[in-house]
Every structure is written in C-alpha cells, then in structure tokens.
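Summary of structural features
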Amino acid sequence: EKGGYDHYMRKEIHEQPESLRQTIAGRLDVDRGEVDLDVSFPPGFLADLEEIQIVACGTSNYAGQYAARLFEELSGVRATVDIASEYEFGAGRSPDRTLVVAVTQSGETADTLGAVRRANAAGARTFAVTNTLGSTVTREVDDTAFIRAGPEIGVAATKTFASQVATLAMLAVSIGRERGALAAADVRPVLEGLRDLPGAVQQVLDNENRVREAATEYGDSEAFFFVGRKLGVPVALEGALKLKEISYDHAEGFAAGELKHGPLALVTPDTPVLALLTEGGRADETMNNVTEAQTRGAPAIGCVSAGDEYGTLDVSLPVPDVGVAEPLVANVYLQLFAYHVANDKGRSIDKPRNLAKSVTVE
Ligand code: F6R
C-alpha cells in the first residue's frame with residue numbers, strides 16, 4: 001500500500017509530479033493566457049472586489065501566504081491572510097466587496113470552518129480550496145475549487161501544499177484576467193511555470209541523495225533556522241513546521257531580513273540555516289543575511305536557482321527555472337530534509353506524537 005516506500009510521507013513527497021499534473025490537468029491554456037477552474041462569480045462581483053481574505057491553519061495557512069503575494073501581483077486586489085482561529089470580519093470592510101478563501105486540505109478543520117461561518121454571517125462571499133470531495137467546507141461556502149492531489153495519509157501535509165499553491169495561483173490568474181488587470185502576455189510566464197512544475201519537482205526528487213547526505217551531516221544540530229524573502233518566507237515557515245512536527249527538533253522560519261532583529265542571537269555553529277535563494281525570493285539579499293549567520297559559524301544549506309551560484313554555501317541544492325513557482329519547487333527539498341532527519345532518528349513519521357491529520361476541535 002505504501003508502494004515500496006517505508007512511509008506514506010515519503011511516498012506522498014514522491015507523488016508530487018503526478019499530483020501536480022492532476023491539479024493543473026485541463027485547467028491551463030498557456031497560449032491564450034487563460035485558466036479554467038470551472039467557477040463563476042456573480043456579474044460585477046470581481047470588478048468591484050476590494051479584498052481577498054485567506055483563512056487557513058498550519059501548512060494550509062502557509063500555502064495561503066504564498067498565494068496572497070500572487071493575488072496582489074496577479075489580480076490587483078489587496079490580499080490578506082488570517083490564521084483561521086484568529087479571524088474576525090473587521091469593521092471598515094464591505095462584505096459584498098470581499099472574497100473569503102478558506103484553504104483546507106481536509107475540509108473538516110474546525111478552526112477554518114469557524115472562520116467560514118463568521119465570514120458567511122458577515123455577508124461575505126466564501127470560497128473553499130480543498131482536497132476533499134463532499135467535505136463539510138464545500139457545503140458551507142459559495143464556491144469550491146478542488147486541488148485534486150489525491151488522498152494524503154501521512155499526518156504531515158506534503159503533496160497537498162504544492163497542489164494548494166498551484167490551485168490558488170490559478171485562481172489568482174483567473175481573477176486577474178476576469179478583472180481585466182492582466183493581459184495574456186503578463187500571465188504567460190506564470191502559466192508556463194505552472195505547466196513546468198511537475199517536471200521541475202521530478203528533477204528535485206532525482207536529487208534526493210544530496211538532501212539525504214545533508215540531513216545525515218547536520219541532522220543532530222541543536223536547532224534549525226529557515227529563511228527566505230518574499231515567496232521564500234511562507235516556504236521557510238513551512239520548512240520549519242515540517243521539520244519540527246516529524247523530527248521533534250527545534251526549527252523556526254523567518255523572513256531573512258528579520259534575522260538581525262533578534263534571532264541572530266541564537267545562531268551558533270550548531271544551528272544550520274536553510275535558505276531559499278531562488279527567483280521570487282530576492283536571492284541576493286537573502287544570501288547577505290545567510291552570510292551574517294555564517295559569520296557566526298552556522299552551516300548554510302541553500303536552495304538555489306539553476307545557473308546561479310553562491311560559492312560559500314556548505315550545501316547547494318539546484319532548483320529548475322520555473323519563475324515564481326521556484327520557491328514551491330524548493331520546498332520539496334525541505335520536505336525531503338525533514339523526512340530524512342526524522343527518519344535517521346527513527347521517529348514516527350506518518351503519525352507524529354500529539355498530532356492528528358484532521359483537527360476537528362477549535
Ligand atoms: C502540517 C499539517 C497541518 C495542517 C492543518 C490544516 O503538516 O498538516 O498544519 O495543514 O492542520 O489542515 P487542513 O488543511 O486540513 O485544514
């Protein structure tokens with residue numbers, strides 16, 4: 001059932017080329033610059049739209065943070081991300097000009113359902129991005145887009161994160177195009193990046209041995225810091241969450257520029273820094289921050305756009321050229337790093353202590 005893999009998590013990491021293919025199948029028209037998610041908004045709704053509020057928990061929240069940056073760039077609408085358990089429909093907002101997007105793999109997360117109910121009560125239009133047909137969230141929202149990642153058994157979300165980001169990116173393009181905010185030529189590079197995602201992820205998976213070696217070399221460190229800028233920030237947060245939940249090691253993600261505002265005090269030769277040094281993530285500026293950590297003795301592992309080179313990195317992991325999708329592809333290295341660190345320690349990878357796949361209490 002695990003298809004020859006020791007754990008569902010590793011199987012699901014390796015399924016990503018195929019699950020991403022399912023996510024985008026029949027939805028992209030690269031030449032015409034169109035996306036078809038089979039949803040239609042009421043006439044005039046998108047033209048008047050003022051704000052997209054994304055609500056989600058955990059890994060789904062990080063997918064939302066990635067997407068919010070794309071929504072702002074591609075659809076010309078202000079986009080915010082709330083932790084679902086913290087969400088309130090605030091004063092000063094107009095519900096009929098707000099789209100609330102709930103991102104939830106299971107469609108059953110109580111905190112996220114609570115946020116959807118608060119949005120509905122305020123009169124906002126609600127939209128679900130979920131993996132699960134017939135899930136509770138689909139019955140509570142106005143519209144749904146399915147991420148089509150297939151069942152995910154491992155408690156740690158892996159392939160569903162990738163498919164969530166890809167689906168949200170398609171939603172951003174379709175809203176941007178329908179609002180007239182974008183020409184076909186503007187979205188072409190984004191759509192090409194999405195189209196090329198499965199192949200790019202496969203190239204990363206083919207490099208698994210390099211990550212495994214890095215995991216073995218650095219896995220016994222005291223703590224791990226993940227840093228990035230722009231689209232690299234949510235991926236840094238996700239990389240840290242994945243490592244902490246399955247290895248039980250201390251890991252934190254930061255915006256790279258924040259390192260010097262406090263966390264640098266924690267940096268020692270026993271705290272590796274993992275950095276997103278790709279397109280969509282201001283690689284050169286991020287590398288400056290990595291160098292600050294290296295000066296304090298920290299080993300540095302970087303996910304680097306193919307063709308670029310930062311000679312001072314201790315480990316350099318190449319990321320194929322897929323534009324704004326590069327941090328998403330780099331995330332696969334971080335998933336493999338978390339997996340191998342945890343596996344070397346003999347952790348209960350598919351069922352980490354204290355955690356459940358679907359959190360149905362608030
Ligand atoms: C982490 C993880 C959790 C979930 C969170 C939301 O690997 O799986 O952080 O992302 O519990 O779950 P869904 O997406 O089902 O709402």
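For the structure itself, look to the data block above.
Not measured: the values here are computed from a predicted model.

1. Considering the site of the ligand
Around the ligand sit 13 residues, and of these Ser60, Thr104, Gln105, Thr109 and Glu245 come closest. Within the contact set of the ligand, an oxygen atom lies 2.5 Å away from a side-chain nitrogen or oxygen of Ser60. Residue Thr104 places a side-chain N or O atom 2.6 Å away from an oxygen atom belonging to the ligand. In the complex, the protein chains occlude 89% of the 400 Å² of accessible area that the ligand would expose alone. Of all the secondary-structure elements, those providing two or more residues to the shell around the ligand are helix H4 (58-75) and helix H10 (232-247). Ranked by the residues each element gives to the shell around the ligand, the list is headed by H4, at three residues. Here the shell around the ligand is composed, by residue class, of four nonpolar, seven polar and two charged.

2. Here's the deal with the sheet that holds strand E12 (residues 315-319)
One open sheet accounts for five strands, arranged E9-E8-E10-E11-E12; its pairing is parallel. Each edge of the open sheet carries a strand with a single partner, namely strand E9 (250-255) and E12. Neighbour-to-neighbour, the strand axes of this sheet turn through a mean angle of 15°, independent of strand direction. Two strands pair when backbone bridges link them, and strand E11 (residues 300-305) and E12 are joined in this way by five bridges, in the parallel orientation. For Ile301, the partnering residue across the bridge sits in E12 and is Val315. Along the sheet face, helix H9 (residues 208-218) touches strand E8 (223-228), E11 and E12 and points at about 150° away from the line of E12. In the packing of helix H11 (residues 283-295) onto the sheet, contacts are made with E8, strand E10 (273-277) and E11, and the angle to E10 comes to roughly 165°.

3. Focus on the side chain of Ser135
Among the structural elements, Ser135 can be located in the loop between strand E6 (125-130) and helix H6 (136-140). A distance of 2.8 Å separates a polar side-chain atom of Ser135 from the backbone oxygen of Thr132. In this structure, Ser135 is in contact with Ser106, Gly107, Glu108 and Thr130, ignoring residues within four places of it in sequence.

4. What to know about the side chain of Ser221
Looking at the secondary structure, you find Ser221 in the loop between H9 and E8. Overall, Ser221 belongs to the buried group, its relative accessible area being 12%. Of note is the side chain of Ser221, whose polar atom sits 2.6 Å from the backbone oxygen of Tyr218. Residues contacting Ser221, with those up to four places away along its chain left out, are Asp270 and Pro272.

5. Comments concerning the environment of Ser348
By the element assignment, Ser348 lies in the segment after helix H12 (326-344). Ser348 gets classed as partly exposed once you look at its relative accessible area, which sits at 36%. Sequence-wise, Ser348 and Ile246 are 102 residues apart; in three dimensions their C-alpha atoms are separated by 7.2 Å.

6. Focus: the packing of aromatic side chains
Tallying each qualifying case throughout the model produces four aromatic pairs. Seen from their ring centres, Phe41 and Phe45 are 5.7 Å apart, and the 20° between their planes marks the pair as stacked. Phe45 shares its class with Phe41; the two are buried. Ring centres 5.7 Å apart and planes at 40° place the aromatic pair Phe225 and Phe254 in the tilted group. Of this pair, Phe225 sits in strand E8 while Phe254 is found in strand E9, placing the two residues 29 residues apart along the sequence. Judged by relative accessible area, Phe254 falls into the buried class, the value being 11%. The structure contains a cluster of three or more aromatic residues connected by ring pairs, namely Phe41, Phe45 and Phe127. Taking the ring centre of Phe45 as reference, the NZ or CZ of Arg125 above it sits at 5.8 Å.

7. Topic: the pattern of salt bridges
Evaluation of the coordinates by the stated rule reveals 21 salt bridges. We note a salt bridge from Glu238 to Lys242, for which the minimum N-O separation is 2.8 Å. Linking Glu238 with Lys242, this pair stays in helix H10, spanning four residues, or about one helical turn. Three or more residues joined by partner-sharing salt bridges are found here, namely Lys11, Glu15 and Lys159.

8. With respect to the sheet that holds strand E5 (residues 98-104)
The strands making up a sheet associate through hydrogen bonds between their backbones, and the pairing can be parallel or antiparallel. Spatially, the five strands line up as an open sheet ordered E4-E3-E5-E6-E7, and their pairing is parallel. Looking at which strands have only one partner, the edges of the open sheet turn out to be strand E4 (78-83) and strand E7 (143-146). Strand-to-strand twist of the sheet, defined as the mean angle between neighbouring strand axes without regard to direction, takes the value 20°. Packed on one face of the sheet, H4 meets strand E3 (51-56), E4 and E5 and runs near 170° to E4. Helix H7 (residues 159-178) contacts E3, E5, E6 and E7 of the sheet and is inclined by roughly 160° relative to E5.

Reading the values: rules and limits
Residues numbered from 1 in each chain as written. Predicted model: local features only at pLDDT ≥ 70, side-chain atom pairs only at ≥ 80, totals over all residues. Heavy atoms only, no water. Near = heavy atom within 4 Å. Polar contact = N/O pair within 3.5 Å; in protein donor to acceptor, adjacent residues only side chain to side chain. Areas by Shrake-Rupley, 256 points an atom, 1.4 Å probe, with all protein chains shown as cover. Helix = DSSP H or I, 4+ residues; strand = E, 2+ residues; numbered from the N terminus. Nonpolar A, V, L, I, M, F, W, Y, C, P; charged D, E, K, R; others polar. Pairing = 2+ DSSP bridges. Axes fitted to C-alpha atoms, helices over the stretch in contact; angles between N-to-C directions. Contact = heavy atoms within 4.5 Å. Buried < 20%, exposed > 50% of the residue type's maximum accessible area, 1.4 Å probe, protein only. Phe/Tyr/Trp six-rings, centres within 6.5 Å; stacked < 30°, edge-to-face > 60°. Lys NZ or Arg CZ within 6 Å of the ring centre and 35° of its normal. Salt bridge = Lys/Arg side-chain N within 4 Å of Asp/Glu carboxyl O.

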